[in-house]
Amino acid sequence: METNKQFDVCMVGAGVAGGIMAAYLGKHGLRVAVIEKNMAEQERMIGELLQPGGVIKLHELGLENLLDGLDAQPITGYGLFMEGDNFKISYPKHDGQTITGRGLRNGKFVQRIRQHILSMPEITVIEGTVKELTEEQGRVTGIKYTAKHSEEEIQITAGLTIVCDGMFSVFRAQLSSAQKKVSSYFLGMILKDCELPFKNHGHVIVAKPSPCLIYPISSTETRILIDFPGNEAPRKSAALTAFLTGTIAPQLPPQILPSFMAAVAEGKFKVMPNHLIPARPVKKAGVAMIGDSLNMRHPLTGGGMTAAFSDILNLGNRLVKTGDLHDTTRIDKAVKSFYAGRHKQNATINILADALYGVMQNEDLKIACYDYLKSGGKHALEPIAILSAISRDEQLLLRHFFAVAFYGVGGIIKPFPTPKNISRSYSMLKAAVSIVRPLVMNEHPGLFTRSAFRMAGVLF
Ligand SMILES: Cc1cc2nc3c(=O)[nH]c(=O)nc-3n(C[C@H](O)[C@H](O)[C@H](O)COP(=O)(O)OP(=O)(O)OC[C@H]3O[C@@H](n4cnc5c(N)ncnc54)[C@H](O)[C@@H]3O)c2cc1C
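Conventions adopted
Residues numbered from 1 in each chain as written. Predicted model: local features only at pLDDT ≥ 70, side-chain atom pairs only at ≥ 80, totals over all residues. Heavy atoms only, no water. Pairing = 2+ DSSP bridges. Helix = DSSP H or I, 4+ residues; strand = E, 2+ residues; numbered from the N terminus. Axes fitted to C-alpha atoms, helices over the stretch in contact; angles between N-to-C directions. Contact = heavy atoms within 4.5 Å. Near = heavy atom within 4 Å. Polar contact = N/O pair within 3.5 Å; in protein donor to acceptor, adjacent residues only side chain to side chain. Areas by Shrake-Rupley, 256 points an atom, 1.4 Å probe, with all protein chains shown as cover. Nonpolar A, V, L, I, M, F, W, Y, C, P; charged D, E, K, R; others polar. Phe/Tyr/Trp six-rings, centres within 6.5 Å; stacked < 30°, edge-to-face > 60°. Buried < 20%, exposed > 50% of the residue type's maximum accessible area, 1.4 Å probe, protein only. Expected span 1.5 Å × (residues − 1).

Undergrad: How should the sheet that holds strand β14 (residues 221–229) be read in this particular structure?
TA: Remark on secondary structure: sheet strands pair via backbone hydrogen bonds, oriented parallel or antiparallel. Taken together, the seven strands give an open sheet; going across it, the order is β6-β5-β12-β13-β14-β11-β15, and neighbouring strands pair in mixed fashion. Unpaired on one side and paired on the other, β6 (85–90) and β15 (270–276) mark the two borders of the sheet. Across the sheet, the mean angle separating the axes of adjacent strands is 20° when strand polarity is ignored. Judged from the five bridges that link them, strand β5 (residues 77–82) and strand β12 (residues 201–205) form a sheet pairing that is parallel. When the bridges of β12 are listed, Y78 appears paired with G202. In this fold helix α10 (residues 363–374) packs onto β5 and β6, with an angle of close to 55° to the strand it touches most, β6.

Undergrad: How should I be thinking about the site of the ligand in this particular structure?
TA: If you check the shell around the ligand, you find 33 residues, and the closest are E36, R44, L49, D292 and M305. Note that a nitrogen atom of the ligand is positioned 2.9 Å from one of the backbone N or O atoms of V130. Relative to its free-state accessible area of 1,000 Å², the ligand is covered by the protein chains to the extent of 93%. At the level of elements, α1 (16–27), β2 (32–36), β8 (123–136), β15 and α7 (304–322) are the ones that each hand at least two residues to the shell around the ligand. Here the residues of the shell around the ligand sort into 15 nonpolar, 11 polar and seven charged.

Undergrad: Is there a simple way to explain the sheet that holds strand β7 (residues 101–103) in this structure?
TA: As summarised here, the arrangement of the three strands in space is β3-β7-β4, forming an open sheet in which the pairing is antiparallel. Each end of this open sheet is capped by a strand with a single partner; those strands are β3 (49–50) and β4 (73–75). Across three bridges, β4 lies against β7 in antiparallel orientation. Opposite P74, over in β7, you have R102 as the bridge partner.

Undergrad: Which parts of the structure should I look at to understand the packing of aromatic side chains?
TA: For any pair of aromatic rings, geometry is given as the distance between the ring centres together with the angle between the planes. If you walk through the whole model with that rule in mind, you get seven aromatic pairs. Consider the rings of Y78 and Y91, whose centres lie 6.2 Å apart with planes at 75°: the pair is edge-to-face. Taken together, the residues Y78 in strand β5 and Y91 in the loop between β6 and β7 connect sequence positions 13 residues apart. Accessibility classification places Y78 together with Y91 in one group, the buried group. Between the aromatic rings of F338 and Y339, the centroid separation amounts to 5.2 Å while the plane-to-plane angle is 35°, which identifies the pairing as tilted.

Undergrad: It is not clear to me how the pairing of strand β13 (residues 212–216) should be interpreted in this structure. Could you clarify?
TA: A regular strand places its side chains so that they alternate between the two faces of the sheet. Burial analysis of β13 places five of its five residues in the buried class, the great majority of the element. Going residue by residue along β13, you find C212, I214 and P216 tucked away on one face and L213 and Y215 tucked away on the opposite face as well. Two strands pair when backbone bridges link them, and β12 and β13 are joined in this way by three bridges, in the antiparallel orientation. For H203, the partnering residue across the bridge sits in β13 and is I214. The hairpin turn running from β12 into β13, its antiparallel successor, is six residues long. Examined bridge by bridge, β13 and β14 share five bridges and lie antiparallel to one another. If you follow I214 over to β14, its bridge partner there is I224. Between β13 and β14, which follow one another and run antiparallel, lie four residues.

Undergrad: Please explain unusual backbone geometry as it appears in this structure.
TA: Excluding glycine, residues mostly have negative phi values, and the peptide bonds linking residues are mostly trans. Going from K208 to P209, the amide bond is cis rather than trans, its omega being 10°. Relative to the helices and strands, P209 resides in the loop between β12 and β13. Omega for the peptide link from K414 to P415 comes to 0°, which places this bond in the cis form. Inspection of the secondary structure puts P415 in the loop between α12 (394–412) and α13 (419–443). Positive phi is not limited to glycine here, since D71 has a value of about 60°. Structurally, D71 is set in the loop between α2 (52–60) and β4. The class for D71 is partly exposed, based on a relative accessible area of 38%. Notably, N200 is not glycine yet its phi reads approximately 55°, a positive angle. Turning to its location among the elements, N200 is positioned in the loop between β11 (181–192) and β12.

Undergrad: Would you explain helix α9 (residues 343–360) in this entry?
TA: Look at α9: 24 Å from first C-alpha to last across 18 residues, which is about the 26 Å you get at 1.5 Å a residue. Within α9, 15 of the 18 residues are buried, which leaves the element mostly enclosed by the surrounding structure.

Quick look at the structure:
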């Protein structure tokens, strides 16, 4: 076995998270090894809408140029559609500046990041599969991998190993105590030359039984994601085709229908599970996790890459400041403070994603949310500031979440309260609490929040 290739940092995986982290650390002079099991471009339906908050993070990382040359489409806001009605909301400005999100092909973005790190002298990129994390006296000292087309195990040692092997992480089980939950599945198709009702916008179709997302990912392609609740993946069949053409198609804006019907006829479906994985890292010296291996939320709000870039800035800055990546005490301190503080940036992204998904599963809350956002002003601007990750104000998010529920009560008890509509309002408020309570607790295992929400649980 070949051994003792020593680096400051060793990255497991060069997806969006691993690639950007390597680029950032390399830019600051750290010697980084990146082990990626498949360097070829992938056809993926994940990570295709980068919110403005993620663009801002890339800018802060000094890596915004990696969005160039991808035929990425600017995204300036969202359009919402329900039962023949629609409206749109624009993203707010950030520090007086208009920041657009981007619709892009994930495979192309990842390859662009990889080309960049391949050109950096500080970074060694290896195509191989990481087989295990190596340990000495309870501390992770690096990894063992096998190179592509080889059985030989090669060892790499590093001051810190960063695991970013994605949603199907094989190392999560050793490094996290989180329980993984599949909330639903997304079925994805590419719509060719699709005319969108709101150009350069994300489109949320508040459909029955579950929402659909539509957004441009290149100048000729538009992604549609159709949600299938529960934990059974949709399978290609005549029944699926009938569902898409008979149940989903009539709920889509008419402009989209020609390209949607053509895509259904072509039958190039992709299906992905949508996970909820709270960040529950077990503290182990010499190793950290970022990206989907650490933390996942429902992709309805397109927050995954933004959360990853926020973590990269947060952990990356701490490591750069540490300087000597072989001073184990300082590395461990940096990782510990990263884990302790990361919720400040990511709580809103995580809570909103699964709270909004929960709202979409409840008929009364769904209508309340649509009407609340449509009423405009702060009801639209502040929630979209949170969705875009321009704002990370958790209190603001919770205020709007409960305001939606009470707005719904107002709608239900009109024109006057009756025992029936009071009972329905109570059920809706109870549902709202039970949606948001576990999500807030996931972000704050702290005592105060737990007890505040337990009290709310007693009331509802
Ligand atoms: C259906 C769906 C839609 C989504 N849409 C959006 C969206 O619009 N916007 C958004 O921001 N987020 C979205 N997300 C989330 C987003 O895609 C992820 O948060 C993001 O891709 C995570 O990046 P990552 O680097 O952690 O994982 P990945 O990009 O999956 O990268 C992991 C890498 O690790 C490599 N690897 C795995 N195991 C090993 C090993 N043993 N050795 C070496 N290499 C290994 C893999 O080959 C891969 O390259 C979506 C997610 C889903 C499921």
